[in-house]
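Here are the chains, one letter per residue:
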Amino acid sequence: MSNTSHAQTLQAVAGKPREAESASITGPSEIALTNVSKTFALGKGQTLDAVSNVNLNIAGGEFIALIGASGCGKSTLLRMIAGLEDPSQGSITIAGQSPEDCIKRQKLGIAMQEHGLMPWLSAWDNVALPFRLAGLPVDTERVDELLALVGLADFAQALPKQLSGGMKQRVSIARALVLKPDVLILDEPFGALDAVTRRLMNNELQRIWSQQPTTTILVTHSVEEAVFLADRICLMSPRPGRLALIEEVELNRPRGLDTMHEPEFRQTLAKLTAALDDVCTQGSRQ
Amino acid sequence: MTVAADLLKWLVGISTLMVFWEIAGRQAWLGGGLPPLSGVFAYAIEPRSTELLLRSAGITATNASYGFVIGSLIGTLIACSGQIWRPLKQGLDTLSTFVNAIPLIALGPLMIVTVGEQFTPMATAALAVFFAVFVATLGGFERVPNVHRDVTRAYGTAHWRALLLVQFPNAIPSLIDGLKLGVSTAVLGAILGEWFGAPAGLGVLIVSSMQNFQINLLWSAAIIGTVMSAAAYFLLALLQARLLRRLGL
């Protein structure tokens, strides 16, 4: 491989905690979850324990995937990290500060399963939206750069309804990245796409992420997607969601479509799929 | 295209009604109170009556337009302010429901003694429009997709900025629905306001022709009022189709 040294550098950057950078505010931020629980009130005194006692330290620049059965609290955990929900117990810090502070400094990027593009704005204006939402002057070069990065430079003036599902998700990811976030939150961003488009989008995301390593947390139903993208995979048990298993993915970066044919990839995939099945059947037996 | 189809349906409906009216009038099914349509037209196109009708219709149109603009603006602004200051929303909802619960017929005389005869038609028209637009705009805000709210929250966007950039554009289709409903009620509100004692307008014409048993004039005024509110509705439907296409919705 001609770019082995590049791959090693990236792996070094991505894999392990880096004390020097995690202290800086502008680099990819480390995230610490301490005893995080979330209980929803259902009314009439009933409550739902969505997330229970999660402890996790995420290194700056690390890519974490959260997998688990439907309704196991993955998205709730993600929304708490993004500051969209408050934990009932425990604390979450991003670079030593609360998610709310992270939001106020515009250091967070989010992309969800629903693309959430504004139908009345062109692809370009949708990518530029975070500047306007944050009350910052629009950096037109940055917007052009991001559209080119997701391969949609020729579709800058297209409205969302004129774009395919995969294109809309790419715009959504460009929007999430445009303010150079320290933390990238991805909630099933490719969940609504067909299998082929999804694999291609994973490859794109992997490439984009290697170009600007950002602390990333991805919620997904696809073990394959998790293994392909992540440095570490957190497996959550069914409700109440706890961390059942944390698995390190030992695959070199950059990863490409042929990575999926490597034996290590197959092994990790098989192991995690078995663990996921195990955890889910345990849950249903209770 | 749908606008053209709507227009065709209207035309079919209206011509059926006109034929039925003509027959009913000629056969005097409802006595002297319902003259044949042709007789009403013959009366309306006499120069003296045409001049009177157009002058009155112009005044009513002006009253309805002012009322429509004022009512729409107030309705939209109040709905928007509830989005910026959340605690205000509940109170505003209750207030507007109360305002709507007061019958216009009771408000008319109150208007006469407060804003005066001159401005009562505008005020009653504005009140009628206000509620339709307020409720529709509020409904539009309720339908903002959750993922749009998440995006605005993830950037710590100020409420007023989120309103301007995300919530208001999302509410536009619903707001236009409200305007469509409101524009007909504006004409109705203006005529009602004139009825209470304005110096001139279709409402005044209707009261005086009723009291003097000028059946043809009464029907002419009623028809013109109907045509006016239908035309305004159609104009807004046209605007709606244009705007929604431009907004990509």
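Residues numbered from 1 in each chain as written. Chains lettered and ligands numbered in written order. Predicted model: local features only at pLDDT ≥ 70, side-chain atom pairs only at ≥ 80, totals over all residues. Heavy atoms only, no water.

Describing the confidence of the model for chain A
Residue and element names in this part refer to chain A. When the pLDDT values of chain A are averaged, the result is 84; 89% of them are 70 or greater. The weakest mean pLDDT in chain A belongs to helix α2 (residues 19–22) at 39; the strongest belongs to helix α5 (residues 123–133) at 95. pLDDT under 50 marks residues 1–25. Its contacts with residues more than four places away, or in other chains, come to 28 contacts. (pLDDT = per-residue confidence, 0-100. Helix = DSSP H or I, 4+ residues; strand = E, 2+ residues; numbered from the N terminus. Contact = heavy atoms within 4.5 Å.)

Some words on the interface of chain A and chain B
Taken residue by residue, the interface counts 25 residues in chain A and 19 residues in chain B. Buried area between chain A and chain B, summed over both chains or domains, comes out near 2100 Å², and the portion from carbon and sulfur atoms is 66%. When the buried area of chain A at its contact with chain B is split by residue, A:L84, A:W120 and A:L133 rank highest and sum to 34% of it. Counting every contact that joins chain A to chain B gives one salt bridge. The partner of A:R79 in a salt bridge is B:D150, and the shortest N-O contact between them spans 2.8 Å. Where chain A meets chain B, there are seven residue pairs in polar contact (both at pLDDT 80 or more). Every element with two or more residues in the side of chain A that touches chain B is listed here: β5 (108–112), α5 and α7 (165–177) of chain A. Tallying contributions element by element places β5(A) first for the side of chain A that touches chain B, with four residues. For the side of chain A that touches chain B, the residue count by class is 15 nonpolar, five polar and five charged. (Buried area = accessible area lost by both parts, 1.4 Å probe. Salt bridge = Lys/Arg side-chain N within 4 Å of Asp/Glu carboxyl O. Polar contact = N/O pair within 3.5 Å; in protein donor to acceptor, adjacent residues only side chain to side chain. Nonpolar A, V, L, I, M, F, W, Y, C, P; charged D, E, K, R; others polar.)

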